[in-house]
Amino acid sequence: KAGVTQTPRYLIKTRGQQVTLSCSPISGHRSVSWYQQTPGQGLQFLFEYFSETQRNKGNFPGRFSGRQFSNSRSEMNVSTLELGDSALYLCASSEHRAAYNEQFFGPGTRLTVL
Amino acid sequence: KNEVEQSPQNLTAQEGEFITINCSYSVGISALHWLQQHPGGGIVSLFMLSSGKKKHGRLIATINIQEKHSSLHITASHPRDSAVYICAVAKGGEGSQGNLIFGKGTKLSVKP
């Protein structure tokens with residue numbers, strides 16, 4: 001099976017812009033979770049989608065949003081970008097709910113906000 | 001105080017040594033994950049456990065729910081084990097049930 005893919009791999013934006021990141025899970029996986037990784041805060045949970053519904057949400061402002069399509073592919077959107085949004089954004093998929101199952105991580109999208 | 005604490009932050013070992021990385025948490029959990037992140041950024045899930053002990057090759061993970069503590073052991077360490085090891089807990093209870101909270105990671109370097 002193909003692994004988790006994320007596009008784009010690298011992205012440079014300026015403050016105030018918005019960005020959309022995409023994640024394609026492993027075939028048959030119904031859960032997609034998104035994480036932000038920065039040198040200062042480490043890994044932080046953004047949200048989890050399962051069967052097209054957001055099941056959990058981390059402590060991030062409303063500028064961060066996401067959705068999941070019927071084929072389990074997921075997108076996350078960040079609006080009104082801030083310098084502090086520069087980070088590695090990782091998605092992970094699992095067959096069932098992420099908390100109780102092995103997760104398979106994508107390579108990440110490195111976002112730089114100038 | 002962080003809800004998930006790992007120790008040590010950095011660890012240097014000689015090839016062949018037995019390694020232990022510790023994870024303590026302060027919240028009720030439903031599961032605990034151990035992850036490995038290599039320098040290129042890729043993350044691999046090593047274990048998911050909610051009780052007892054699991055073994056995979058040279059890796060062993062244990063958890064003590066009463067003491068809110070987990071350990072990751074590497075036997076006969078090898079330079080290819082050099083990576084950052086991250087502990088993550090899935091919160092139990094109402095509200096944020098299932099949200100993953102991560103430790104800051106332990107950077108392991110194994111010298112030949």
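Residues numbered from 1 in each chain as written. Chains lettered and ligands numbered in written order. Predicted model: local features only at pLDDT ≥ 70, side-chain atom pairs only at ≥ 80, totals over all residues. Heavy atoms only, no water.

Peer 1: Which residues make up the overall build of chain A, and what are the values?
Peer 2: The helix and strand tally for chain A stands at 0 helices and 11 strands. In chain A, the succession of α and β elements from N to C terminus is β-β-β-β-β-β-β-β-β-β-β. Compactness check: chain A gives a C-alpha radius of gyration of 13 Å against a globular reference of 13 Å for 114 residues, within 12% of the reference. For chain A, the C-alpha atoms occupy an extent of roughly 35 × 25 × 25 Å along the three principal directions. Looking at chain A residue by residue over its 114 residues, the buried ones come to 50%. Counting every atom, chain A has about 5,300 Å² of accessible surface; 47% of that belongs to carbon and sulfur. Computed over 12 positive and 7 negative side-chain charges, the separation of the two mean positions in chain A equals 4 Å. (Helix = DSSP H or I, 4+ residues; strand = E, 2+ residues; numbered from the N terminus. Rg over C-alpha atoms; globule rule 2.2 N^0.38 Å. Buried < 20%, exposed > 50% of the residue type's maximum accessible area, 1.4 Å probe, protein only. Areas by Shrake-Rupley, 256 points an atom, 1.4 Å probe, with all protein chains shown as cover. Lys, Arg positive; Asp, Glu negative; His and termini not counted. Charge placed at Lys NZ, Arg CZ, Asp CG, Glu CD.)

Peer 1: Can you break down the environment of B:Asn2 residue by residue, with the values?
Peer 2: Residue and element names in this part refer to chain B. Structurally, Asn2 can be placed in the segment before β1 (4-7). Between the C-alpha atom of Asn2 and that of Gly40, which follows or precedes it by 38 residues, the distance is 26 Å. Those residues within four positions of Asn2 in sequence are excluded, and the remaining contacts are Ser26 and Lys104. (Contact = heavy atoms within 4.5 Å.)

Peer 1: Account for the pairing of strand β3 (residues 19-24) of chain A, with residues named and values stated.
Peer 2: Residues and elements named next belong to chain A. Sheet analysis places strand β1 (residues 5-7) next to β3, joined by 3 bridges and oriented antiparallel. Paired with Gln6 across the strands is Cys23, a residue of β3. Direction of pairing for β3 relative to strand β8 (residues 74-78): antiparallel, over a ladder of 5 bridges. Across the sheet, residue Val19 finds its bridge partner in β8, namely Val78. (Pairing = 2+ DSSP bridges.)

Peer 1: Describe the sheet that holds β3(A), with residues and values.
Peer 2: All names here are of chain A. What the 4 strands build is an open sheet, ordered β1-β3-β8-β7; its pairing is antiparallel. Among the strands making up the open sheet, the edge pair consists of β1 and β7 (64-68). Ignoring which end each strand starts from, the neighbouring axes of this sheet average 20° apart. The pairing of β7 with β8 spans 5 bridges and is antiparallel. Counted as the bridge partner of Gly66 is Met76 from β8. (Axes fitted to C-alpha atoms, helices over the stretch in contact; angles between N-to-C directions.)

Peer 1: Describe in detail the nonpolar core, supporting the description with residues and values.
Peer 2: Of all hydrophobic cores here, the largest spans 25 residues; its most connected members are B:Leu32, B:Trp34, B:Phe47, B:Leu72, B:Tyr85 and B:Val89. Listing elements by their share of this core, those giving two or more residues are β3 (19-25), β4 (29-37), β5 (43-49), β7 (59-64), β8 (69-74), β9 (83-91) and β11 (106-111) of chain B. (Core = buried A, V, L, I, M, F, W, Y, C linked by side-chain atoms within 4.5 Å.)

Peer 1: Any chance you could break down the state of the cysteines for me, citing the residues and the numbers?
Peer 2: Counted under the stated rule, the structure contains 2 disulfides over all chains. Residue pairing for A:Cys23: its cysteine sulfur links by disulfide to A:Cys91, the two sulfurs lying 1.9 Å apart. Torsion about the S-S bond of the A:Cys23 and A:Cys91 cystine: about 75°, corresponding to right-handed handedness. Here the residue A:Cys23 occupies a position in strand β3, and A:Cys91 occupies one in strand β9 (residues 87-94), the gap between them amounting to 68 residues. Accessibility assignment for this pair places A:Cys23 and A:Cys91 in one class, buried. A sulfur-sulfur separation of 2.0 Å characterises the disulfide bridge that pairs B:Cys23 with B:Cys87. Disulfide B:Cys23 to B:Cys87: torsion about the S-S bond roughly -60°, handedness left-handed. (Disulfide = S-S within 2.5 Å.)

Peer 1: Account for the environment of A:Gln54, with residues named and values stated.
Peer 2: Residues and elements named next belong to chain A. In this structure, Gln54 sits in strand β6 (residues 53-57). The class of Gln54 is partly exposed, set by a relative accessible area of 34%. Each C-alpha atom of the pair Gln54 and Ser65 lies 9.8 Å from the other, and the pair is 11 residues apart in sequence. Apart from the residues within four sequence positions on either side, Gln54 is in contact with Phe47, Glu48 and Tyr49.

Function cannot be inferred from these measures alone, as they are strictly geometric.
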